[in-house]
Amino acid sequence: MISDVGVAAAPGSSSAGLGVGAVGAAAEAVAGVAAMQDEVGIRREGPESDTDEPPKKRLKIPEGESGKLEERLYSVLCCTVCLDLPKASVYQCTNGHLMCAGCFIHLLADSRLKEEQATCPTCRCEISKNLCCRNLAVEKAVSELPTECTFCLKQFPRSSLERHQTEECQDRVTQCKYKRIGCPWQGPFHELPAHELECCHPTKTGTELMGMLGEMDQDHRRDMQLYNSIFGLLCYEKIGFTEVQFRPYRTDDFITRLYYETPRFTVLNQTWVLKARVNDSERNPNLSCKRTLSFQLILKSKVNSTLECSFLLLKGPYEDVRITPVIYHHFFSNDTNETDYVPLPISDSVECNKLLAAKNINLRLFIFQVQK
């Protein structure tokens, strides 16, 4: 009210006229300040304030503002080749540019195929397994960055994501426990108990189950056949094995091709050589995403009679490449002293790049001589 506000009049002026004008101006100023306080969400303290009214909320931060730091870290810590965050080891060139393990190995393999020195895609300095080192700090930082579960879409640190997706997530894809008797159901984990209560496979007749189990027995029989064959070879009287080292060479053609060859070695009192080629001597294997290795075993010694042998290649003692054992068979003589090129049984192109990126390929060869 006007009577509550005291206004001092300047000397020599009309107090009545000035008081009314000053009071109006003061009232407008007070109202303006109060409006500003209400707009920014600040409560006015005083006896007239309503203590039961909740404080006004602060202005919301626009969406995406809180993730700016993570987005900046993504751009700093990502691989310079695939522009994605590394999932395992992180390598850096001598100038500090980062490469994930897969891209790093792929660059080294490409340089081997093209007979060029591998270089960093950012600064073009030379890279190799000797010149580059792992960046453990970046690996640790990446493992702590949040990422989204592919099933429940919640955020988790990368270091704990795998455990969450395989053991804890209630939306992870799982299979019915009656899969062994042919149930094809797949679904989220939280629906599994309800499905298993209503699953019809436990009530099927023996005749129906035998048809389903027959297909499963065939797969199991193929696996057991391989292991039984290996155990049978171990019973042979003459068994030899050695560590072999494939070294890279180039053909003398107009368009040179990469191939591998081992030094001569002796097994079972005979001299042998192994050769290997990439993508069956494809013209430009560096342009292909799918890469394979095939090899042949060559007998260098002269023999008086036919030599019947079984052989297989496995990974060396200090190699991390995955090789599935496959047994090959050949009759060696002076006229047929070379086997055909047979696939090196590696799992995929990633494993092939691991071998190509290495300076040499170290494997273990087993030869079993069949007795007549």
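Reading the values: rules and limits
Residues numbered from 1 in each chain as written. Predicted model: local features only at pLDDT ≥ 70, side-chain atom pairs only at ≥ 80, totals over all residues. Heavy atoms only, no water. Pairing = 2+ DSSP bridges. Helix = DSSP H or I, 4+ residues; strand = E, 2+ residues; numbered from the N terminus. Buried < 20%, exposed > 50% of the residue type's maximum accessible area, 1.4 Å probe, protein only. Polar contact = N/O pair within 3.5 Å; in protein donor to acceptor, adjacent residues only side chain to side chain. Contact = heavy atoms within 4.5 Å. Salt bridge = Lys/Arg side-chain N within 4 Å of Asp/Glu carboxyl O. Axes fitted to C-alpha atoms, helices over the stretch in contact; angles between N-to-C directions. Phe/Tyr/Trp six-rings, centres within 6.5 Å; stacked < 30°, edge-to-face > 60°. Lys NZ or Arg CZ within 6 Å of the ring centre and 35° of its normal.

> Help me understand the pairing of strand S8 (residues 238-250), please; the structure alone is not making it clear to me.
Pairing of S8 with strand S16 (residues 361-369) involves nine bridges; the strand directions are antiparallel. Its bridge partner lying in S16, phenylalanine 246 is registered against isoleucine 361. One ladder, built from four bridges, connects S8 with strand S9 (residues 258-261); its direction is antiparallel. Looking at the pairing, arginine 247 lines up with glutamate 261 of S9.

> Could you clarify how one ought to interpret the side chain of serine 349 in this entry?
Structurally, serine 349 is set in helix H8 (residues 349-357). For serine 349, a relative accessible area of 18% corresponds to the buried category. A distance of 3.0 Å separates a polar atom in the side chain of serine 349 from the backbone nitrogen of arginine 291. Other than its neighbours up to four places away in sequence, serine 349 contacts Cys289, Lys290 and Arg291.

> Explain the pattern of salt bridges here, please?
Throughout the structure, instances matching the rule amount to 10 salt bridges. Measuring nitrogen to oxygen at the nearest pair gives 2.8 Å for the salt bridge that ties arginine 134 to glutamate 139. Here lysine 354 and glutamate 351 are joined by a salt bridge, their closest N and O atoms 3.5 Å apart. With lysine 354 and glutamate 351 both in helix H8 and three residues apart, this pair spans about one turn of that helix. You can call glutamate 351 buried: its relative accessible area is 1%.

> Help me out: how do you make sense of the sheet that holds strand S1 (residues 90-92) in this one?
Hydrogen bonding along the main chain pairs the strands of a sheet, whether they run parallel or antiparallel. One open sheet holds the three strands; their spatial order is S2-S1-S3, and the pairing between them is antiparallel. Two strands in the sheet have a free side with no partner beyond their single neighbour: strand S2 (98-100) and strand S3 (133-134). Examined bridge by bridge, S1 and S2 share three bridges and lie antiparallel to one another. Considered in S2, the bridge of valine 90 is made with cysteine 100. Packing of helix H3 (residues 101-114) onto the sheet brings it into contact with S1 and S2, and relative to S2 it is tilted by some 95°.

> Got a minute to help me understand the packing of aromatic side chains in this structure?
Aromatic ring pairs are described here by two measures, namely the spacing of the ring centres and the angle between the planes. Under the counting rule described, the total for this entry stands at eight aromatic pairs. Between phenylalanine 241 and phenylalanine 366 the ring centres are 5.4 Å apart and the planes differ by 25°, which places this aromatic pair in the stacked class. Linking phenylalanine 241 in strand S8 with phenylalanine 366 in strand S16, this pair joins segments that are 125 residues apart in sequence. Ring plane angle 10° and centroid distance 6.3 Å describe the contact between phenylalanine 366 and phenylalanine 368, whose orientation is recorded as stacked. Linked through ring pairs, Phe241, Phe366 and Phe368 together constitute an aromatic cluster. Cation over ring: arginine 172 sits above phenylalanine 189, and NZ or CZ is 4.0 Å from the ring centre. Residue placement shows arginine 277 over the ring face of tyrosine 341; its charged tip is 3.8 Å from the ring centre.

Worth remembering: the numbers are spatial, not functional.
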